[in-house]
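Here's the letter readout for the chains.
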Amino acid sequence: MVIQIAPSILSADFARLGEEIVLMEKGGADWIHIDVMDAHFVPNLTFGPPVIKAIRPVTKVPFDVHLMMDNPMDYIDDFIDAGADSITVHAEVLSHLHRSVTYIKQKGIKAAVSLNPSTPLNILEYILEDLDMVLLMTVNPGFGGQSFIPSMIKKIRLLKKMVDERQCKTIIQVDGGISLKNIREVAEAGANCFVAGSSIFSAPDPAAMISQMREAAML
Ligand code: DX5
Ligand code: ZN
């Protein structure tokens with residue numbers, strides 16, 4: 001199984017954001033995970049399209065933009081123009097999820113749907129095959145450094161079963177509380193793309209932590 005590691009710059013030193021991203025590229029990051037928060041859908045406020053545009057030239061690593069916002073489609077073109085290679089929208093805020101996903105894909109980038117911990121998987125029943133990736137939140141979104149919610153292991157297993165039954169290539173991404181300690185168990189449950197913020201950026205050697213996590217997931 002191909003394992004992908006997506007460092008979340010939410011835990012980076014914002015005063016040195018460009019350098020932190022270059023460090024992630026040197027460490028072999030598959031994606032740069034960018035957490036956009038609007039202070040409505042989640043109780044926190046982070047970055048928007050201008051910041052993404054500013055950091056786009058510093059790396060060739062694709063940008064995985066996770067939109068934790070109430071009205072993502074109002075801003076979707078701005079995020080695409082800023083340089084997003086993949087956009088993740090939350091199912092909880094979209095009445096026309098299929099239309100939103102189709103729009104993103106028609107723009108030539110990858111489309112993913114995220115579910116909060118309490119959102120059931122059946123919302124994906126008729127859309128899973130159309131998605132490049134599903135992001136299962138393994139903490140309640142809004143902040144870095146929270147603890148992985150143990151009941152999400154079962155949810156990851158069930159999503160893996162849905163993906164296998166449909167024989168689709170949808171990536172299963174997990175986000176929140178992923179570290180060297182639990183990445184193996186989460187990979188065994190079926191995840192193959194791992195977002196990690198605090199466990200990478202608070203490591204003594206953040207770049208080396210990327211390959212350590214990848215190896216631990218593949219054991
Ligand atoms: C949380 C964000 C995450 C966050 C993960 O709402 O979506 O991407 O950065 O941080 P850690 O890995 O510290 O839990
Ligand atoms: Zn995220």
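Placed above this text is the structure.
The structure contained in this document is the topic of the report that follows. (Residues numbered from 1 in each chain as written. Chains lettered and ligands numbered in written order. Predicted model: local features only at pLDDT ≥ 70, side-chain atom pairs only at ≥ 80, totals over all residues. Heavy atoms only, no water.)

A look at the overall build of the protein chain
Phase 1 of the analysis: Each helix and strand in the protein chain was counted, giving eight helices and eight strands.
Phase 2 of the analysis: Its C-alpha radius of gyration of 16 Å places the protein chain within 12% of the 17 Å reference for a compact globule of 219 residues.
Phase 3 of the analysis: Across its three principal axes, the protein chain shows a C-alpha extent of roughly 40 × 40 × 30 Å.
Phase 4 of the analysis: Long-range pairs, those at least 24 residues apart, make up 64% of the contacts in the protein chain with a sequence separation of at least 6.
Phase 5 of the analysis: Surface summary for the protein chain: the accessible area is close to 9,900 Å², and the carbon and sulfur share equals 52%.
Phase 6 of the analysis: Of the side chains in the protein chain, 19 bear a positive and 26 a negative charge, and the two mean positions are spaced by 5 Å. (Helix = DSSP H or I, 4+ residues; strand = E, 2+ residues; numbered from the N terminus. Rg over C-alpha atoms; globule rule 2.2 N^0.38 Å. Contact = heavy atoms within 4.5 Å. Areas by Shrake-Rupley, 256 points an atom, 1.4 Å probe, with all protein chains shown as cover. Lys, Arg positive; Asp, Glu negative; His and termini not counted. Charge placed at Lys NZ, Arg CZ, Asp CG, Glu CD.)

Brief notes about the side chain of Ser8
Phase 1 of the analysis: With respect to the helices and strands, Ser8 occurs in the loop between strand S1 (4-7) and helix H1 (17-26).
Phase 2 of the analysis: Its relative accessible area of 4% is what places Ser8 among the buried residues.
Phase 3 of the analysis: The contacts of Ser8, once residues within four sequence positions are left out, are His33, Asp35, Val195, Ala196, Gly197 and Phe201. (Buried < 20%, exposed > 50% of the residue type's maximum accessible area, 1.4 Å probe, protein only.)

Focus: the coordination of the zinc ion (ligand 2)
Phase 1 of the analysis: Those protein atoms acting as donors to the zinc ion (ligand 2) are His33 (NE2), Asp35 (OD), His66 (ND1) and Asp175 (OD), and they sit at 2.0 to 2.3 Å.
Phase 2 of the analysis: Taken together, the six donor atoms coordinating the zinc ion (ligand 2) span angles of 69 to 167° at the metal, a pattern that classifies the geometry as octahedral.
Phase 3 of the analysis: In primary-sequence terms, the residues that donate to the zinc ion (ligand 2) follow H-x1-D-x30-H-x108-D. Linking Asp35 in strand S2 (residues 32-37) with Asp175 in strand S7 (residues 171-175), this pair joins segments that are 140 residues apart in sequence.
Phase 4 of the analysis: By relative accessible area, Asp35 is classed as buried at 4%.
Phase 5 of the analysis: With a relative accessible area of 8%, Asp175 lands in the buried category. (Donors = N, O, S within 2.8 Å, 3.2 Å for Na, K, Ca; no water. Tetrahedral: all angles 85-135°; square planar, octahedral: opposite > 155°, others 65-115°.)

Digging into the pairing of strand S5 (residues 110-115)
Phase 1 of the analysis: Across the six residues of S5, five count as buried, placing the element largely inside the fold.
Phase 2 of the analysis: When strand S4 (residues 86-90) meets S5, the two strands line up parallel, connected through five bridges. Paired with Val89 across the strands is Val113, a residue of S5.
Phase 3 of the analysis: As for the winding sense of the linkage, the β-α-β connection from S4 through helix H4 (residues 97-106) to S5 is right-handed.
Phase 4 of the analysis: Two elements, S5 and strand S6 (residues 133-137), share four bridges in a ladder whose sense is parallel. Within the sheet, the bridge partner assigned to Ala112 lies in S6 and is Met133. (Pairing = 2+ DSSP bridges. Right-handed = clockwise from strand over helix to strand, strands pointing away.)

Thoughts on the sheet that holds S2
Strand-to-strand pairing in sheets goes through backbone hydrogen bonds, with the strands running parallel or antiparallel.
Phase 1 of the analysis: Here eight strands make up an open sheet; going across it, the order is S1-S8-S7-S6-S5-S4-S3-S2 and the pairing parallel. A strand with exactly one partner marks an edge of an open sheet, and here the two such strands are S1 and S2. Adjacent strand axes in the sheet meet at a mean angle of 25° when their direction is disregarded.
Phase 2 of the analysis: Against the sheet, H4 touches S4 and S5, its axis set at about 145° to S5. (Axes fitted to C-alpha atoms, helices over the stretch in contact; angles between N-to-C directions.)

Function cannot be read off these values alone, since they describe shape.
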